[in-house]
Each structure stands twice: as C-alpha cells, then as structure tokens.
Amino acid sequence: MLLIQQVLNGVMLGSVYVTVAVAFTLTIGVLNFLNFTIPTLFMLSGMAAWALTKWGIPFGLSQALPWPLALAAAVVMTIVASLIVERFTFRYMKTKYGDATEHAIPLVSSLGFLLIIENLIRIGYGTDAQRMAAVSWDTTVNLGGLLLRAPQLISLCVALVIVSGLNWVLKHSRIGRGLRAIAENPDAANILGVDSRRLVPVIFMLTGLLCGLAGILFAINYGEVSPQMGEDIGSKAIAGMVIGGLGSIWGAVLGGLIIGITEMMTIHFFGADTVQVAVWGLLLVALFVRPQGLLGHHSIGKGKL
Amino acid sequence: MSGYWTGILTILSINIIMAYAVFLPVATGQLNLGGAGFQALGAYTAAFLSAAFGLNAWVTIPAAMAVGGLVSMAIAFPLLRTKGVYLVLATFALAEVIAGVILNTDALGGAMGLSVPDFLDYHVPLIAAVLVTLFVFYLMATRFGLTMRAAHDDDVVTDLLGVSVRGVRVAAFSLGGALAGLAGALYAHTFSFVDIQSFNASLSIYVLLYVLLGGTQTAFGPLFGAAFFTLLPEGLRVVMPELKTFIAAAFHQSGPLSPPDESWRFVILGVLTVLMMAFRPEGLITRSLIERLKPGRRTKRLDVAQEVSA
C-alpha cells in the first residue's frame, strides 16, 4: 500500500515536471532552441504569486491581492517576461559563420537571462525560502486508504488538460500547422507563406503560460517558494524531456512522469540523498543508449541546436 | 601583499585555469556545461589523498590532473557520440552525477566536506596559471591547435581532409578535464577545505560564459574573460556603495544603507551576456581583432600602397 501511495506521489510530483518539460520540448521541437530561461520563468511565477498575495503590487500601488487574482497576475507576468526573452534571444539569432558553436548563441543568451531574472529576484526578496499561505480548498481526499491532496489532483488535471489542448492546437489549428512547418524546415515554411516572425512569439507565449501555471501550482502544492526553486525542477524537467525524446509532447509527459516516479522510488528505497544520482544517471544512460528518447523523432535536434 | 589581494590573485588564477579547461573543448566545437564536475573530481582527489594518506601537494596535484584527464577521456568516447544540444545536456548531466556520487560517498565527507591539511599560498596557483596560459598559447600555435580550429569551423571538411576529428575532440576534452582537475586541486590546497556545494551547476554556467564572452577563437579570449569577470566585482565593490549612496541622496534619503548585494555582479554578467550574443556573438576578442592590433601590419599596407603607386 505504501508503495502504491509512493507511486501516486511520484505521479503527482511528475505532473509539475511534465508541465515544465512540455515547455522545454516545445521550444526545442519547433525552434531547435534549448531555452534555459524556463526554470527561471517557473520560479518567477511562483515568487510573483507569493509576493502578490503577501504584499500586493510593488511600490505600494495596491493592497495584498486575493489569491485568484494574484495567481492570474503571476501567470500574465510570466508570459510577458517570456516575450521579453524572445525579443532578446531568438530575434537576434543570425547565421553568420556557420561554425560548430554558433548554434549555441540563443542558448547562451538564455543563460544570461537566467542570471538576470534570478538575481533580480534575489535582490528584491532575498535568498530565503518563503512560505505561501495555504488556499481554502486545500483538503485531503481519502481513496480507499490512498491519500491525495486536492491541489495535487488539480495540478495533475491541469497538466493533462493543457497538454491535450496543446496537442490538439498543434495537430488541427492553422497556427499549429504553421508551427509544425517551421519545425520541419524554417526556410521552406517562410517561402510557403508561414510568417515565422509572428509565429515564434506564440511559442514563447505558450512557454510562459506553461511555466506560469506550473509555478503557481507548485507554490500552492508545496506551500513554499524560493529564488532557487527553478533549478531543481528545471533540471529534472530537462532530464524528463530528454528521456521522453526531444520535441515530442507526449514524450515529455511520459519522461516527466518517469522522473517523478523514479524520484519517489529512490527516496523510498535508498533515501533522499541518492535522488540526484538516480535521476541524472538515468539521463546519462538514456543519452548514451537511446539519444532520440523513448518517443522522440530521430532527426530532431540531431547535430543541430 | 595584503590578504585581500592574495585572495583575489588565488581566485583569479584558478578561474583562468578553469576557463582554459572549458576553452579547449569549446575550441573544437563542443560546449562543455559540466566544468564544475571535473573541477570537483580534481578537488576531491587532492583533498582525499592529502587528508587520508598525508601526501604532499606535489603528489596530489599531478594525481588530481591524472584523475581529471583519465575520467574525461573515458567518458569522452560515449559522450562525444552526442552532438549539439545533446552534448550540452550530457556534460551537464555528467557534472550532476559526479556531484551526486561525491555527496553520497562517506569517505569523501558527504555533505560535510573535507578539510585539506597541506596548505599552499597564492604563489603556486599564480605560477600554475601562467604556465597553463603559456601552454595553451603554445598548443594553439601547433599543428594540433590548427586541427582544433578546423574541427570547430567545419567538422565534415576537416574529416574529409584526413584529420581524425573524433581524435582531436577526445584529446581536447581530456586535456580540458586534466586542467579542470588541476584547478580543483589548487582550489583544495589554497582554501584548505572542499565541499560539493562550491562545485554546483552555476559554476559550470559562469565558467562557460567567461569563455564565450571572452571569445573562443584565440587563447586570449578565456584569459580576458576570466580576468574581467573576476576583477569586475572587486571594482564594483568599491563603486556600488558610493553609487547607491549617491542615488539615495538624490532621492533625499540619508542614513545608513544596506550594502548592495553580491547578486548585482551576476545581473551585470547576465546583461553583458545578452548584449554580447546580440551584437558580437563570436566573443570580445576575435582572430581579426588580434590581426588588426598586431604591430607592423599598418606598415605592410603602406609598403603595398607605395609599391602600387610607384
């Protein structure tokens, strides 16, 4: 029974990884760009939700906001931040030299943004972890001896709904068709009338939306936010994405859940200290044995960045 | 010399060696986002040999370099099968695994860290940094350095011209690992204490940024990048409080102010990174910049001009 409970906890934990991993996989699948600002966007959303519920808008413009408003504002803020990142990372990427490390330009740029946002938050709110007030509907559901918390269940549902929705958009809508065309061949897509300059921000908006939702759900679930919270979640989401396969949305879902369950099982059998070795060892093995991932397409990301 | 300056010199020397450790793989076209992992390997090798067997630094430092070099060579073969973004992820994952293993090994002190008995003062890292710099400059001037540049610029053509791109990359990666081991060992002996928290993912990111901002085309780049970003915060430490007081005074505030946070230096590093990638993605110091600054070039031009006019 304890084991089943642990698997369930793993799935719940995994649902946070899934949301962030889908954000990673979307940018890498369509734009061939490993966006290192995603962990910070996730952190930004959590910290913003905390700050808004505690103090309200900075400079004393408002009282502390009620939580539904604060959460919505946090998500909107994250989307805006993501669009700013797009303006300065992807917009300026030009092919000039064609050498081996040149594809890393947006990646390095996003590392720069990671430093900027994270340290600005540290300057503003300090480096300590902060407690987030519990929401009113935080109850525990008992399912035949298995305990589930309402916010966790809601996170899982939100993650699944978003991912299915995203999948539908990519498969069936006009925007989705454009995005898939860019993913396949950006130049050909442009020639055939896909306006990539208008579609690329859509990817970043979706990234911001996913990170924003993951951030606020994490804050509600675990009741604690800190400027460092993105590092751990972000790196595990990257691990999940790679295991599932770069560029595959269902791969990211599968990978995120695998990482969540692996983490819980490792804690159950070996203790909390070995989590890092288990998760990263799994990633390393996956990279050496099956670099395209479980559900990934062989060509995406290969030799490109 | 005061303790403050010797401290800065030590850090500067270690950062320069670390920058070259990351530079060598990057110069062959492989981004290494796991520098801290190899530095941790070196630091813990030196610390363990020194603490457990009482060996002196002249034994532990070469041993740390050997461990760094051999481990990276062993890992280079499967690792360099991956390319581009996969390589970045694999090196990143590798550093995390190394950190995790060290954290869980009781003989290495786990989360408590290890203290290192044999103390070295700042002369040793300084001399090591100078030697490493000279070595890398020499290396880049040899035929091997030329093949490294070629592998960076176009691996397919280089392969067609009969250079073993894979061999060059493995060699550069292992040499980088050995240098990271050296940097780690020097760290262990000069700070007399190692703990795994000092070798985290952020360190790998900073070192890679030093190198990329300095420029990867010549051996001047990492030297400049590491020196600039080590000395910048020291300069800011003087300027920032005064700037803050000035701004506060402009807003009619007086009284004691909290000193500005360390975090500002990372914000500045981040802003510079974003700007550099937008306007000068090849790094500050490039091959053409060096050419332009070389003495004698202008006179050569003039000679040609005179010949043409004559």
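Residues numbered from 1 in each chain as written. Chains lettered and ligands numbered in written order. Predicted model: local features only at pLDDT ≥ 70, side-chain atom pairs only at ≥ 80, totals over all residues. Heavy atoms only, no water.

## Observations regarding the overall build of chain A
(1) Moving on: Each helix and strand in chain A was counted, giving 11 helices and four strands.
(2) Moving on: Counting every position in chain A, which comprises 305 residues, the buried fraction comes to 56%.
(3) Moving on: Counting only contacts in chain A whose residues sit at least 6 apart along the sequence, the fraction spanning at least 24 positions is 76%.
(4) Moving on: Total accessible area on chain A stands at roughly 13,100 Å², and carbon and sulfur atoms take up 66% of it. (Helix = DSSP H or I, 4+ residues; strand = E, 2+ residues; numbered from the N terminus. Buried < 20%, exposed > 50% of the residue type's maximum accessible area, 1.4 Å probe, protein only. Contact = heavy atoms within 4.5 Å. Areas by Shrake-Rupley, 256 points an atom, 1.4 Å probe, with all protein chains shown as cover.)

## Overview of the overall build of chain B
(1) Moving on: Looking only at helices and strands, chain B features 13 helices and two strands.
(2) Moving on: Here the contacts in chain B between residues at least 6 apart in sequence split such that 81% fall between residues at least 24 apart.
(3) Moving on: By element, 68% of the accessible surface of chain B is carried by carbon and sulfur atoms, the whole surface being about 14,200 Å².

## As for the pairing of strand β3 (residues 146-149) of chain A
Residue and element names in this part refer to chain A.
(1) Moving on: Here β3 shows a buried face lined by Leu-146 and Leu-148 and an unburied face lined by Leu-147 and Arg-149.
(2) Moving on: One ladder, built from four bridges, connects strand β2 (residues 140-143) with β3; its direction is antiparallel. Considered in β3, the bridge of Asn-142 is made with Leu-147.
(3) Moving on: Linking β2 to β3, which pair antiparallel, is a turn of two residues; within it Gly-144 sits at a positive phi near 55°. (Pairing = 2+ DSSP bridges.)

## Things to note about the confidence of the model for chain A
All names here are of chain A.
(1) Moving on: Looking at chain A as a whole, the pLDDT averages 81, with 89% of positions reaching at least 70.
(2) Moving on: The weakest mean pLDDT in chain A belongs to β2 at 74; the strongest belongs to helix α2 (residues 38-54) at 89.
(3) Moving on: Across residues 95-100, where pLDDT falls below 50, the model places 12 contacts with residues more than four positions away in sequence or in other chains.
(4) Moving on: This model gives residues 300-305 a pLDDT under 50, and the stretch forms 19 contacts once residues within four places in sequence are excluded. (pLDDT = per-residue confidence, 0-100.)

## Quick word on the side chain of B:Thr28
All names here are of chain B.
(1) Moving on: Tracing the chain through its elements places Thr-28 in the loop between α1 (3-27) and α2 (35-53).
(2) Moving on: Here Thr-28 falls in the buried class, since its relative accessible area comes to 0%.
(3) Moving on: A distance of 2.4 Å separates the side chain of Thr-28 from the side chain of Gln-30, its partner in a polar contact.
(4) Moving on: In contact with Thr-28, other than residues within four places in its own chain, are Met-148, Ala-151, His-152, Val-168, Arg-169 and Ala-172. (Polar contact = N/O pair within 3.5 Å; in protein donor to acceptor, adjacent residues only side chain to side chain.)

## Notes on a positive patch on the surface
Residue and element names in this part refer to chain A.
(1) Moving on: A cluster of basic residues, Lys-171, Arg-174, Arg-177 and Arg-180, forms a positive patch at the surface.
(2) Moving on: When residues in the positive patch are grouped by element, the largest group, three residues, is from helix α6 (residues 174-184).
(3) Moving on: If you trace the backbone, Arg-177 turns up in helix α6.
(4) Moving on: Residue Arg-177 is classed as partly exposed on the basis of its relative accessible area, which comes to 49%. (Patch = residues over 30% accessible without salt bridge, like charges linked within 9 Å, V, L, I, M, F, W, Y side chains within 5 Å. Salt bridge = Lys/Arg side-chain N within 4 Å of Asp/Glu carboxyl O. Lys, Arg positive; Asp, Glu negative; His and termini not counted. Charge placed at Lys NZ, Arg CZ, Asp CG, Glu CD.)

## Comments concerning the packing of helix α9 (residues 229-244) of chain A against helix α11 (residues 275-289) of chain A
All names here are of chain A.
(1) Moving on: Following both chains from N to C, one finds α9 and α11 inclined at 30°, their axes separated by 9 Å at the closest point. Relative to α11, the element α9 is oriented roughly parallel. Two packed elements cross with a definite hand, and for α9 against α11 that hand is left-handed. Along the contact surface, α9 presents Ser-235, Lys-236, Ala-239, Val-242 and Ile-243, while α11 presents Val-275, Val-279, Trp-280, Leu-282, Leu-283, Ala-286 and Leu-287.
(2) Moving on: Of the residues in the contact of α9 with α11, the class split is 10 nonpolar, one polar and one charged. (Axes fitted to C-alpha atoms, helices over the stretch in contact; angles between N-to-C directions. Parallel < 35°, antiparallel > 145°, perpendicular 65-115°, else oblique. Left-handed = near helix turned anticlockwise from the far one by under 90°. Nonpolar A, V, L, I, M, F, W, Y, C, P; charged D, E, K, R; others polar.)

## Observations regarding the interface of chain A and chain B
(1) Moving on: With 47 residues of chain A in contact, the opposing surface of chain B contributes 46 residues.
(2) Moving on: Here chain A and chain B share an interface that buries about 4,100 Å² over both sides, 77% of which is from carbon and sulfur atoms.
(3) Moving on: In this structure, the connection of chain A to chain B is made through zero salt bridges.
(4) Moving on: For the pair chain A and chain B, the number of links is zero residue pairs in polar contact (both at pLDDT 80 or more).
(5) Moving on: Breaking the side of chain A that touches chain B down by element, the ones donating at least two residues are α4 (105-125), α9 and α11 of chain A.
(6) Moving on: Split by residue class, the side of chain A that touches chain B holds 29 nonpolar, 12 polar and six charged. (Buried area = accessible area lost by both parts, 1.4 Å probe.)

## Concerning the packing of aromatic side chains
Residues and elements named next belong to chain B.
(1) Moving on: Summed over the entire model, instances satisfying the criterion amount to 15 aromatic pairs over all chains.
(2) Moving on: Centre to centre, the rings of Tyr-4 and Trp-5 are 5.6 Å apart; their planes meet at 75°, and the pair counts as edge-to-face.
(3) Moving on: With relative accessibility at 39%, the residue Tyr-4 sits in the partly exposed group.
(4) Moving on: On the accessibility criterion, Trp-5 (46% relative accessible area) is partly exposed.
(5) Moving on: Relative to Phe-228, the ring of Phe-224 lies with its centre 5.8 Å away and its plane at 10°, an arrangement referred to as stacked. Of this pair, Phe-224 and Phe-228 both sit in helix α10 (residues 220-250), separated by four residues, roughly a single helical turn.
(6) Moving on: Note on Phe-224: relative accessible area 34%, which makes it partly exposed. (Phe/Tyr/Trp six-rings, centres within 6.5 Å; stacked < 30°, edge-to-face > 60°.)

## Focus: unusual backbone geometry
Glycine aside, residues mostly have negative phi angles, and peptide bonds mostly take the trans form.
(1) Moving on: Phi at B:Ser192 is positive, roughly 60°, even though this residue is not glycine.
(2) Moving on: Relative to the helices and strands, B:Ser192 is located in the loop between α8 (165-191) and β2 (193-194).

## Re the environment of A:Thr78
(1) Moving on: Tracing the chain through its elements places A:Thr78 in helix α3 (residues 67-89).
(2) Moving on: With residues up to four places along the chain from it excluded, the contact list for A:Thr78 reads A:Leu41, A:Leu44, A:Ser45, A:Gly208, A:Cys211 and A:Gly212.

## Quick look at the side chain of A:Gln152
(1) Moving on: Within the element layout of this structure, A:Gln152 appears in helix α5 (residues 150-172).
(2) Moving on: Once you skip the residues sitting within four places of it in the chain, A:Gln152 turns out to touch A:Met12, A:Asn221 and A:Tyr222.

## Thoughts on helix α4 (residues 84-103) of chain B
(1) Moving on: Look at α4(B): 29 Å from first C-alpha to last across 20 residues, which is about the 28 Å you get at 1.5 Å a residue.
(2) Moving on: With 17 of its 20 residues buried, α4(B) lies for the most part within the structure. (Expected span 1.5 Å × (residues − 1).)

## Concerning the packing of α2(A) against α3(A)
Residue and element names in this part refer to chain A.
(1) Moving on: Here α2 crosses α3 at 145°, and the two axes come no closer than 8 Å. In this structure, α2 crosses over α3, and the sense of that crossing is right-handed. Along its contact with α2, which presents Leu-41, Leu-44, Ser-45, Ala-48, Ala-49, Leu-52 and Thr-53, the element α3 presents Trp-67, Ala-70, Leu-71, Ala-73, Ala-74, Met-77, Thr-78, Ala-81 and Ser-82.
(2) Moving on: Here the residues of the contact of α2 with α3 are counted per class, giving 12 nonpolar, four polar and no charged.

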